[in-house]
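Here is what each chain is made of, one letter per residue.
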Number of protein chains: 2
Amino acid sequence: MPADQATVRRSNLALVLRHVSTHGPCSRSAVAGATGLNKATVTSLVSELQARGLVKEMGPQHAGSVGRPGVALGLDGSRVGALGVEVNVDYIAAIATDLAGRVLIDRRIGFDAMGSGPERSLDELARMVERTVADLDRLGVRPAGITVAVPGLIDTTTGTVVVAPNLGWRGVPVAERLSRAGRAAGIPIAVANDANLAALAEYTTGVAAGTDDLVYLTGEVGVGGGVIAGGRLLSGADGFAGEVGHVMIEPDGEPCRCGRAGCWETKVGLAALVRMATPEHAYGTGLVRDPEERLAEIEQRRAEGDPRVDAAVAEVGRWLGLGAAMLVNIFNPRVIVLGGYFARLADRLIPAAHEELARAGMNGAIERCHFAASDLGFGAAARGAAGVVVERALSDPTSITVPSLVPPQNVPPA
Amino acid sequence: MPADQATVRRSNLALVLRHVSTHGPCSRSAVAGATGLNKATVTSLVSELQARGLVKEMGPQHAGSVGRPGVALGLDGSRVGALGVEVNVDYIAAIATDLAGRVLIDRRIGFDAMGSGPERSLDELARMVERTVADLDRLGVRPAGITVAVPGLIDTTTGTVVVAPNLGWRGVPVAERLSRAGRAAGIPIAVANDANLAALAEYTTGVAAGTDDLVYLTGEVGVGGGVIAGGRLLSGADGFAGEVGHVMIEPDGEPCRCGRAGCWETKVGLAALVRMATPEHAYGTGLVRDPEERLAEIEQRRAEGDPRVDAAVAEVGRWLGLGAAMLVNIFNPRVIVLGGYFARLADRLIPAAHEELARAGMNGAIERCHFAASDLGFGAAARGAAGVVVERALSDPTSITVPSLVPPQNVPPA
C-alpha cells in the first residue's frame, strides 16, 4: 500500500519534528523512546527532516544519558522560517519568525489602506512582502509560507477577501495578487481574518497562552473578534465566525459603516472613543483620520487628567462590558483578551467593563471569567499569521521544500 | 508496557466496535482489512465485544465475498441500551434506545416541575427512571448509562444543577439523588444542558444531521441554545456555553425571570407569545400556566384565521430573526434548527425570521444559512441524552459491564 506508506511516513515525520520542537535538544534514542518508533526508522526520518532544513544536529548530549552519548537534535532555525503580514485600516505590518516562533523581523509602516483602495494597498503589501523575503534571504532563511491577515470575511480556499467593511474592499483576490510578487513566487500564500489569527497568537504565546476557551477582542477603527473554543479556533461553516463588531447592541442606534445601525463597533470602535473624548477630531461615521495620533493624544490627555477623556474611556468600557456579557453567555470563556487600542487603555477600560459585565451576566460563567490586556500590541495578527505557517510546517514537514533539498530517491527508506 | 497495552486494546476495541456499528453486518476479515489489525487480534477483540454484549454473530455472510463465507457481525441490540431522561418546566420525558440509536421506549408525562420544587421533581424523575429501567429489564436490556437533560447551567463533573432559572433550581445534586434510585444503582449517571443535548440529537439524527456548523434553538417557556461548531458541541470552559436565551436584545426591555431585563427570552419565549396572541391567558413575568394547552389553543386559533394570533406569531418571528442575525455573525452556521414550540409554528415563524435576518445580517454568512424546523419534537433533548450514552459506549467499550460478562482472564490475549 504505497499511498498508505506515504501517509504513515508523513505522520511519523510530523511526530518526530513535533517532539524535537517541544522537547529538544534530544537524542535520536530519546525520540525513539518517546514516540514508540524503532531507532532505524527514527534515523531515516531525522535524515529527511535535516534535508528539509527542519532539524539539525547540535553536538553530543550528555546530561542524564547512560552509555555512549547521543547527538542532540534541535529545530533548525537557520534555513526555514514563517512570514505573517497584515493589512489594516491605517498600517501594514510583517512579522517573520523561525520555526520555534522566535521573531526574526518585526516591522510596521503607517499606510492609509482605507483611503488608498485595494489596488494601491495590494501594491504596498506586495512591497512589504518583497522586502521582508529579501531580508530573510540575507539571513539565509526561506519562509515555508506566507499568511496574510485582513480585517474582513475571507474565502480561505481561494485567499480572496469577500468583504472588508473597514477597508472598503469587496471581492479582492489577495493571494493571487501576492503570488505575482517576484520573491514570493513558489511560497504558499494563505489569507485569513485578522482577529482569528490574533486569537491564535494569544492562545499560543500571549497573556492567556494555553487557555482552551478564550475570546479575543481587538479595538481598532473596526472591532474584531476571534474565539478559541475547546482549544480550537472557531471558524464557522465558511470561516466567517467571530464577527462580533457588527453584532447589534443598540436597536435604533447610530448608523454603522457596514450599512446597518446599532452595531457594537459604533459603541466601542476607535471612532466612538475619538468622538466622545476629543469631539474636535470627530470625522464621520466610523472613520478616524490618523488613528495612531488620535490615540496618542487621548492617552496624553488622560495622563493630564482631562475629565472628559476619562468619562469617554469609561463609557466605552461600559459598552465593552455589555457586549462581553453576551459573549460570556454564549461562549463561557475563561478569559477575554483585549487587543489593539483596548490594551492601551486597559487600566481604565477593564474596571468599567467588569462592573457592567458583573451586572449583566449569568452567574457561574461570569465569576469564572476575567479580562486581560494583550501584550502583543498591534502585531498580534501578524504574529498569529506566522504561527499558522509554523503550525502547518510542523504538522506536515513534507510541505517544506528548500532549495537544498536532497531529492526524494536519496532519502533512505523507512 | 502493560498500561500502554491496555490503552491500545481499549482503542482497538473502540475501532472494531465503531466499524461494526457503521459498516455492519460485516465479517471478521472485512473488519481486519478495514482497520489494518491482524485477524487473530480482531478475533480476540470481537470475543471481548461479544462478552460485553456489544457485538453478535448474525449468521454467514455471502454477498460480495469470495471463498468461504465469513460469519457476519452486527451490533448486539439485545442486551445493552442507553437511557436519556429530561426534566423541563412542564414535563418529564424518557427515551431509551439500543446502541444503533433505535428507540425502544419513548414516554413523556405532564409534570409541573416549576411549581413542584426540586425535591418533588427529583422524586418524580427518579420514578420515571425506575419505571423505564424496569421496562428495559423486561426487554432484557440494561442501560450502559443514564444522561439527564435539565434546562440550566450544569456542573457536569458532579452532575449538579448550578442554576436553572425556569425551574427555580439552584445547586441541585441531580446525579447524586438519582443514583439512590434502586434500579439505577451501578449505572453511570451524567447531567447536561437540555439544549446542548438536543443540538447533538439534531447533529446525529435530525433534519440537519451531519451539518458540522449548526445552531439549535428551542422555544419553550424558556429559550435554550446549543451549538455544533466544526462537528463538535461547543461547551465552554465550564459547560455553560450556548446560553442564548438570556442574551440582552433590548436595552431597558421587559424584566426577565433571570433577574435582568431585555433578554431574548422575554421576546421569543412561550410567555411572550401567549401574552401577545391570547392576552386573556397572560400570567406573570416569563410564566405560562398549562403551556401545552396554551400552545394547542394558539395553533387552533391560527387555523381559524385569528389575525391577532397571526400578528403575534409574526412578531415573535421578527425577534427570532433579530437574535438569529447575532448568532450568524458570531457562529457562521449553515443551519439554524428550530425546536420546541418554534417547530410547531415554523411555517409562519421562519418566513418572518428570515426576512429580519436578511435585513440585519452580514452578507456571505447570511446567504448561506437557512432555518429548519426540527422533527424531533419535545423529545430532542432526551434523544440527545441517550445518544451521549451510546457515543460513550462506542468510544470506550470497556466502560460497559453486563451481568453476563466473561471475567477478563477468560478473554484471549491480543
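Since this is a predicted model, take the numbers as computed values, not measurements.

Draft legend 1. Representation of the overall build of chain A. Regarding its fold elements, chain A presents 13 helices and 15 strands. At 23 Å, chain A has a C-alpha radius of gyration in line with the 22 Å of a compact globule built from 414 residues. On the principal axes, the C-alpha backbone points of chain A span a range of 70 × 50 × 45 Å. Evaluated residue by residue, chain A yields a buried proportion of 57% over its 414 residues. For chain A, the accessible surface area stands at approximately 16,200 Å², while carbon and sulfur atoms represent 52% of it.

Draft legend 2. Structural detail: the packing of helix α8 (residues 270-277) of chain B against helix α10 (residues 307-331) of chain B. All names here are of chain B. Running from N to C, α8 and α10 cross one another at 150 degrees; their axes reach a closest spacing of 8 Å. Considered as vectors, α8 and α10 are oriented roughly antiparallel to each other. Along this stretch, α8 crosses α10, giving a crossing that reads as right-handed. Where α8 approaches α10, its residues Leu 273, Met 276 and Ala 277 are matched on the opposing element by Arg 308, Val 309, Ala 312, Val 313, Glu 315 and Val 316. Classifying every residue of the contact of α8 with α10 by side-chain character gives seven nonpolar, no polar and two charged.

Draft legend 3. Inspection of the domain arrangement of chain A at higher detail. All names here are of chain A. Parsing chain A into structural domains produces domain 1 (2-76), domain 2 (80-197 + 379-393) and domain 3 (208-375). Put simply, the middle of domain 1 and the middle of domain 2, counted by C-alpha atoms, are 32 Å apart. Contacts between the two partners involve seven residues from domain 1 and, on the opposite side, five residues from domain 2. Taking both partners together, domain 1 and domain 2 bury about 450 Å²; carbon and sulfur atoms supply 55% of that area. Put simply, domain 1 and domain 2 have one salt bridge between them. In this structure, Arg 18 engages Glu 391 in a salt bridge whose closest nitrogen and oxygen atoms are separated by 2.8 Å. Applying the counting rule to domain 1 against domain 2 returns one residue pair in polar contact (both at pLDDT 80 or more). For the side of domain 1 that touches domain 2, the per-class residue count stands at three nonpolar, one polar and three charged.

Draft legend 4. Inspection of the relation of the copies chain B and chain A at higher detail. Of the transformation placing chain B onto chain A, the axial shift is 0.1 Å and the rotation is 180 degrees, giving an RMSD of 0.1 Å. The transformation relating the two chain copies, once decomposed into turn and shift, fits a two-fold axis. A share of 100% of the interface residues of chain B reappears at the interface of chain A, consistent with the copies meeting face to face through the same patch.

Draft legend 5. Quick peek at the interface of chain B and chain A. Counting residues at the interface gives 41 residues for chain B, matched by 41 residues for chain A. Of the roughly 3,400 Å² buried between chain B and chain A, counting both surfaces, carbon and sulfur atoms make up 58%. At the junction of chain B with chain A, the criterion picks out four salt bridges. A:Asp238 serves as the salt-bridge partner of B:Arg334, at 2.8 Å between the closest nitrogen and oxygen. Between chain B and chain A we count 22 residue pairs in polar contact (both at pLDDT 80 or more) in total.

Draft legend 6. Region of the structure containing the pairing of strand β5 (residues 103-110) of chain A. Residue and element names in this part refer to chain A. Examined bridge by bridge, strand β4 (residues 91-98) and β5 share seven bridges and lie antiparallel to one another. Residue pairing across strands places Ile 92 opposite Ile 109, the latter belonging to β5. What sits between β4 and β5 in their antiparallel hairpin is a turn of four residues, with Gly 101 showing a positive phi close to 85 degrees.

Draft legend 7. Structural detail: the sheet that holds strand β13 (residues 232-233) of chain B. All names here are of chain B. Reading across from one edge, β13-β12-β11-β14-β15 is the order of the five strands in this open sheet, with mixed pairing throughout. Looking at which strands have only one partner, the edges of the open sheet turn out to be β13 and β15 (370-373). Across six bridges, the pairing between strand β11 (residues 214-219) and strand β12 (residues 223-229) is antiparallel. Bridge pairing in β12 places Leu 214 opposite Ile 228. Strand contacts of α10: β11, β12, β14 (335-340) and β15, with the helix running at about 155 degrees to β11, the strand carrying the most contacts.

Draft legend 8. Spotlight on the sheet that holds strand β10 (residues 189-193) of chain A. Residue and element names in this part refer to chain A. The sheet built from five strands is open, its strands ordered β5-β4-β3-β6-β10 with mixed pairing. Both edges of this open sheet fall to β5 and β10, since each of them pairs with a single strand only. Adjacent strand axes in the sheet meet at a mean angle of 15 degrees when their direction is disregarded. As judged from the seven bridges shared by strand β3 (residues 80-87) and β4, these two strands associate in the antiparallel manner. When the sheet's bridge partners are listed, Gly 81 is paired in β4 with Asp 98. In this fold helix α4 (residues 113-138) packs onto β3, β4, β5 and β6 (142-150), with an angle of close to 155 degrees to the strand it touches most, β5. Against the sheet, helix α13 (residues 380-395) engages β3, β4, β5 and β6, with an angle of about 145 degrees to β3.

Draft legend 9. Layout of the environment of B:Glu220. Residue and element names in this part refer to chain B. Mapped onto the secondary structure, Glu 220 falls in the loop between β11 and β12. For the pair Glu 220 and Val 172, spaced 48 residues apart in sequence, the C-alpha to C-alpha distance is 21 Å. Contact partners of Glu 220, with chain neighbours within four places excluded, come to Asn 88, Tyr 91, Gly 269, Leu 270, Tyr 341 and Phe 378. Here Asn 88 takes part through its side chain, which lies 3.0 Å from a polar atom of the side chain of Glu 220.

Draft legend 10. Broad picture of the packing of aromatic side chains. Within the structure shown, the criterion is met by five aromatic pairs over all chains. Seen in terms of ring centroids, A:Tyr341 and A:Phe342 are 4.9 Å apart; in terms of plane orientation they differ by 55 degrees. Their pairing is tilted. Exposure remark for A:Tyr341: the relative accessible area of 1% places this residue in the buried category. Above the face of the A:Tyr91 ring, A:Arg108 is positioned so that its terminal group lies 4.1 Å from the ring centre. Its guanidinium or amino end placed over the ring of B:Trp319, B:Arg318 lies 5.3 Å from that ring's centre, counting from NZ or CZ.

Draft legend 11. Spotlight on helix α2 (residues 28-35) of chain A. Residue and element names in this part refer to chain A. Burial in α2 covers these residues: Val 31, Ala 32 and Thr 35. The arc enclosing the buried residues of α2, seen along the axis, measures out at 100 degrees, which places them on a common side. Directly after α2, the chain includes Gly 36, whose backbone phi takes a positive value near 80 degrees.

Draft legend 12. Local environment of the side chain of B:Asp238. Secondary-structure assignment places B:Asp238 in the loop between β13 and α7 (265-268). Separated by 3.3 Å, the side chains of B:Asp238 and A:Arg368 make a polar contact. When near neighbours in sequence (up to four residues on either side) are disregarded, B:Asp238 contacts A:Asn332, A:Arg334, A:Arg368 and B:Ile154.

Draft legend 13. Geometry of helix α10 (residues 307-331) of chain A. Residues and elements named next belong to chain A. A rise of 1.5 Å per residue sets the reference length of α10, with its 25 residues, at 36 Å; its end C-alpha atoms lie 35 Å apart and thus fit the reference within 8%. A large share of α10 lies buried, amounting to 19 of its 25 residues. Backbone geometry just downstream of α10 places Asn 332 in the positive-phi region, at approximately 50 degrees.

Calculation rules
Residues numbered from 1 in each chain as written. Chains lettered and ligands numbered in written order. Predicted model: local features only at pLDDT ≥ 70, side-chain atom pairs only at ≥ 80, totals over all residues. Heavy atoms only, no water. Helix = DSSP H or I, 4+ residues; strand = E, 2+ residues; numbered from the N terminus. Rg over C-alpha atoms; globule rule 2.2 N^0.38 Å. Buried < 20%, exposed > 50% of the residue type's maximum accessible area, 1.4 Å probe, protein only. Areas by Shrake-Rupley, 256 points an atom, 1.4 Å probe, with all protein chains shown as cover. Axes fitted to C-alpha atoms, helices over the stretch in contact; angles between N-to-C directions. Parallel < 35°, antiparallel > 145°, perpendicular 65-115°, else oblique. Left-handed = near helix turned anticlockwise from the far one by under 90°. Contact = heavy atoms within 4.5 Å. Nonpolar A, V, L, I, M, F, W, Y, C, P; charged D, E, K, R; others polar. Domains from an automatic or database assignment. Buried area = accessible area lost by both parts, 1.4 Å probe. Salt bridge = Lys/Arg side-chain N within 4 Å of Asp/Glu carboxyl O. Polar contact = N/O pair within 3.5 Å; in protein donor to acceptor, adjacent residues only side chain to side chain. Least-squares fit on C-alpha atoms with pLDDT ≥ 70 in both. Pairing = 2+ DSSP bridges. Phe/Tyr/Trp six-rings, centres within 6.5 Å; stacked < 30°, edge-to-face > 60°. Lys NZ or Arg CZ within 6 Å of the ring centre and 35° of its normal. Arc of directions from axis to C-beta. Expected span 1.5 Å × (residues − 1).

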